[in-house]
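Notes for the structure review
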Amino acid sequence: MGKKNYRRVKGTRDLLPADFSKYKYVCDAFSSVAELYGYERIETPAFEYLELLEAKNPSIKDQIYWFVDKGGRKIGLRFDLTVPVARIVAQNPQLPKPIRYYYFSRMWRYEEPQKLRYREFWQFGVELIGTPLIEGDAEVISLAAKCFEKVGLRETGIYINDRILMENILKEIGIKANALEVFRIIDKIRKVGREELTLELKALKLKDEQIRKIFELVEESGEFSRTSSYILENFKGRQIKARTKALEELFDLLDSYGVGKYLSFDLSIVRGLDYYTSLVFEIYETKNSRKIGSSLCGGGRYDELIGIYAKEKIPATGFAMGIDRIIETLQTKKLLPTEKKLRVLVISDPKNSILLAEKLRKINIATLVDVNSRTLSKNLSFANKLKIDYVIIYKEREIRENVLRIKDMNSGKEECIDVAKIDQFFKKLLTS
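Right, let's get into the overall build of the protein. A count of helical and extended segments in the protein gives 16 helices and 16 strands. Along the first, second and third principal axes, the C-alpha atoms of the protein reach 90 × 55 × 50 Å. Here the protein holds 432 residues, and 49% of them are scored as buried. Seen as two clouds, the 76 positive and the 62 negative side-chain charges of the protein have centres 5 Å apart.

Shown next, in the form of structure tokens:
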């Protein structure tokens, strides 16, 4: 009977060093931007009580990994970090507000795996908690835009809308009781054909004229002044005017942040999650001012979520980015850095290997030592396979002559230097 064929769980991946370095690059880039805005990194447990995860949306249970643990407790793997952050804020009412958190973590959802859509996936996001003002929304949207700029993704569009605005527009169209269901259908407009969406809207008992107005509405998107003029000319409610005015202020603030060139007022952006309360936005890669593929980032304001867990209503806004999709985009555009840090292998006796390696590590050079007592030829073969840049040979002859024999593994050239000049030699390589 042969050995079992052990495999990865469906919808997961192994990130080997070459893959993980891409995630580290994006993590470092995005984290540096968040910290410039005054955000601090957090991490939460991978699992929470199921009751907490489904408090806002009981049907989430069908979309996540959950189980009963050995103590009989119902536990679920987190599907985003917004809910765990809401718990943290509820448990710590003494935290000074506004709270600025960011994260770069793994999440889990139980859904059918697709290209760049895994059951275990990475997200970067920020949460700004404790301000109801449009200034907070402007901050998080500009932060997201600056993250994309940091990694060279400048052909992007930020598509902004407001759910309170949309709810009031739907009311004027005569749709009052099932606005959330209509939002969920509109949210699929780029993925599903108009014919199928029409059938779904008819299933909600919407009239043909109402459906026509919905499609006309979501197609009126683009530059703010044009889209807002269309809204104010066709809809007269007080809330509609107020929310359009708030969006005008938001667009003006974002222009001050220097990200106005990315902005569109898009009435098809409503976000499927029902914890969003007003402002919502998504960021897409663009070509000729048109969206490409699925969204790279999504977020908005969620002023009621924390109040489910806390004793008071606490306003909040934030976003999350799908890192797997972003890395794929960076690879396609050849925006991932190709330069690699210098790596060295020291071949000597154990003690001298350590002493030489420690000298190089002090000047920030990644240095390996032979821990397998291999022959010189096997060590050189190993260095080739790992694409090591330089090999330092310090065996019996070199020790007698007090020199280091240094082999450039790319060119094959060798040279000898005085042992005392090791720092000088490699510092010069770092700056050349």
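Nonpolar side chains tend to gather and get buried jointly when the protein is soluble and globular. Counting residues in hydrophobic clusters, the biggest one holds 75 residues, and the most contacted among them are Phe30, Phe124, Ile160, Phe319, Met321 and Ile323. Sort the elements by how many residues they give to this core and helix α4 (residues 134-150) lands first, with 9 residues. Those residues in contact with phenylalanine 30 that sit more than four places away from it in its chain are Phe124, Cys147, Phe148, Val151, Met321, Ile323 and Ile326. Counting residues in hydrophobic clusters, the runner-up holds 33 residues, among them Ile42, Leu305, Ile306 and Ala320.

Next up on the list: helix α16 (residues 422-431). Owing to its 3.6 residues per turn, the α-helix brings residues three or four apart onto one side. Listed as buried for α16 are Ile422, Phe425 and Phe426. Down the axis of α16, the smallest arc covering the buried residues is 85°, so these residues share one side. Seen from the buried face of α16, the exposed residues on the opposite side, beyond 90 degrees, are Gln424, Lys428 and Thr431. Where α16 is buried, its residues meet β12 (343-348), α13 (350-361), β14 (390-394), β15 (403-408) and β16 (414-418).

Right, let's talk about the pattern of salt bridges for a bit. Going through the model one piece at a time under the given rule, you end up with 30 salt bridges. Linking arginine 13 and aspartate 324 is a salt bridge whose minimum nitrogen-to-oxygen distance equals 2.7 Å. Here arginine 13, found in the segment before α1 (17-36), pairs with aspartate 324, found in helix α12 (residues 323-332); they are 311 residues apart in sequence, far enough to count as distant. Look at the salt bridges and you will find they share partners, linking Arg397, Glu398, Arg405, Lys407 and Glu414 into a network.

Below, the discussion takes up the pairing of strand β9 (residues 279-287). Of all 9 residues that make up β9, 8 are buried, and the element is covered over most of its length. One ladder, built from 7 bridges, connects β9 with strand β10 (residues 290-301); its direction is antiparallel. If you follow glutamate 282 over to β10, its bridge partner there is glycine 298.

Let's shift gears to the packing of aromatic side chains. Within this structure, the stated rule accounts for 18 aromatic pairs. Ring centres of tyrosine 23 and tryptophan 122 lie 5.8 Å apart, and the angle between their planes is 50°; on these two criteria the pair is classed as tilted. Linking tyrosine 23 in helix α1 with tryptophan 122 in strand β6 (residues 120-129), this pair joins segments that are 99 residues apart in sequence. Accessibility classification places tyrosine 23 together with tryptophan 122 in one group, the buried group. Where tyrosine 102 meets phenylalanine 124, the ring centres are 6.0 Å apart and the plane angle is 45°; that geometry is what we call tilted. One end of the pair, tyrosine 102, is in strand β5 (residues 99-108); the other, phenylalanine 124, is in strand β6, and 22 residues separate them in sequence. Take tyrosine 102: its relative accessible area is 2%, and that puts it in the buried class.

Let's shift gears to the side chain of serine 353. In this structure, serine 353 sits in helix α13. Serine 353 gets classed as buried once you look at its relative accessible area, which sits at 2%. Ignoring any residue separated from it by four or fewer positions in sequence, one finds serine 353 in contact with Val346, Ile347, Ser348 and Val369.

Here we have 5 strands laid out as an open sheet, ordered β13-β12-β14-β15-β16, and mixed in their pairing. Lying at the two open borders of the sheet, with one neighbouring strand each, are β13 (366-369) and β16. Pairwise comparison of adjacent strand axes, ignoring direction, gives a mean angle of 25° for this sheet. Bridge analysis of β12 against β13 gives 4 bridges, and the strand direction is parallel. Residue pairing across strands places arginine 343 opposite alanine 366, the latter belonging to β13. Contacts from helix α14 (residues 376-385) reach β12, β13, β14 and β15 within the one sheet, and its direction differs from that of β12 by about 170°.

It is worth spelling out unusual backbone geometry at this point. For the bond from lysine 97 to proline 98, the omega torsion is 5°, close enough to zero to count as cis. Relative to the helices and strands, proline 98 resides in the loop between α3 (82-91) and β5. Here the phi dihedral of lysine 205 falls at roughly 70°; this positive angle occurs in a residue that is not glycine. With respect to the helices and strands, the residue lysine 205 is situated in the loop between α7 (194-203) and α8 (208-219).

So, about the sheet that holds strand β2 (residues 47-49). Across the sheet, which stays open at both edges, the 3 strands sit in the order β2-β4-β3 with antiparallel pairing between neighbours. Single-partner strands in this sheet number two, and they are β2 and β3 (66-68). Strand-to-strand, the axes of this sheet are offset by a mean angle of 30°, without reference to chain direction. Alignment of β3 against strand β4 (residues 74-77), held across 3 bridges, turns out to be antiparallel. Across the sheet, residue phenylalanine 67 finds its bridge partner in β4, namely isoleucine 75.

As a further point, take a negative patch on the surface. A cluster of acidic side chains, namely Glu135, Glu249, Asp252 and Asp255, defines a negative patch on the protein surface. The element that contributes the greatest number of residues to the negative patch is helix α10 (residues 238-256), accounting for 3 residues.

In this section: the packing of α1 against α4. Where α1 contacts α4, the axes come no closer than 9 Å and their chain directions differ by 140°. With respect to each other, α1 and α4 are oriented oblique. The two elements α1 and α4 cross, and the hand of that crossing is right-handed. Counted together, Tyr25, Ala29, Phe30, Ser32, Val33 and Ala34 of α1 and Leu143, Lys146, Cys147, Phe148 and Lys150 of α4 form the full contact between these two elements. Of the residues belonging to the contact of α1 with α4, the class tally is 8 nonpolar, 1 polar and 2 charged.

Thresholds applied
Residues numbered from 1 in each chain as written. Predicted model: local features only at pLDDT ≥ 70, side-chain atom pairs only at ≥ 80, totals over all residues. Heavy atoms only, no water. Helix = DSSP H or I, 4+ residues; strand = E, 2+ residues; numbered from the N terminus. Buried < 20%, exposed > 50% of the residue type's maximum accessible area, 1.4 Å probe, protein only. Lys, Arg positive; Asp, Glu negative; His and termini not counted. Charge placed at Lys NZ, Arg CZ, Asp CG, Glu CD. Core = buried A, V, L, I, M, F, W, Y, C linked by side-chain atoms within 4.5 Å. Contact = heavy atoms within 4.5 Å. Arc of directions from axis to C-beta. Salt bridge = Lys/Arg side-chain N within 4 Å of Asp/Glu carboxyl O. Pairing = 2+ DSSP bridges. Phe/Tyr/Trp six-rings, centres within 6.5 Å; stacked < 30°, edge-to-face > 60°. Axes fitted to C-alpha atoms, helices over the stretch in contact; angles between N-to-C directions. Patch = residues over 30% accessible without salt bridge, like charges linked within 9 Å, V, L, I, M, F, W, Y side chains within 5 Å. Areas by Shrake-Rupley, 256 points an atom, 1.4 Å probe, with all protein chains shown as cover. Parallel < 35°, antiparallel > 145°, perpendicular 65-115°, else oblique. Left-handed = near helix turned anticlockwise from the far one by under 90°. Nonpolar A, V, L, I, M, F, W, Y, C, P; charged D, E, K, R; others polar.

Purely geometric numbers; function is a separate question.
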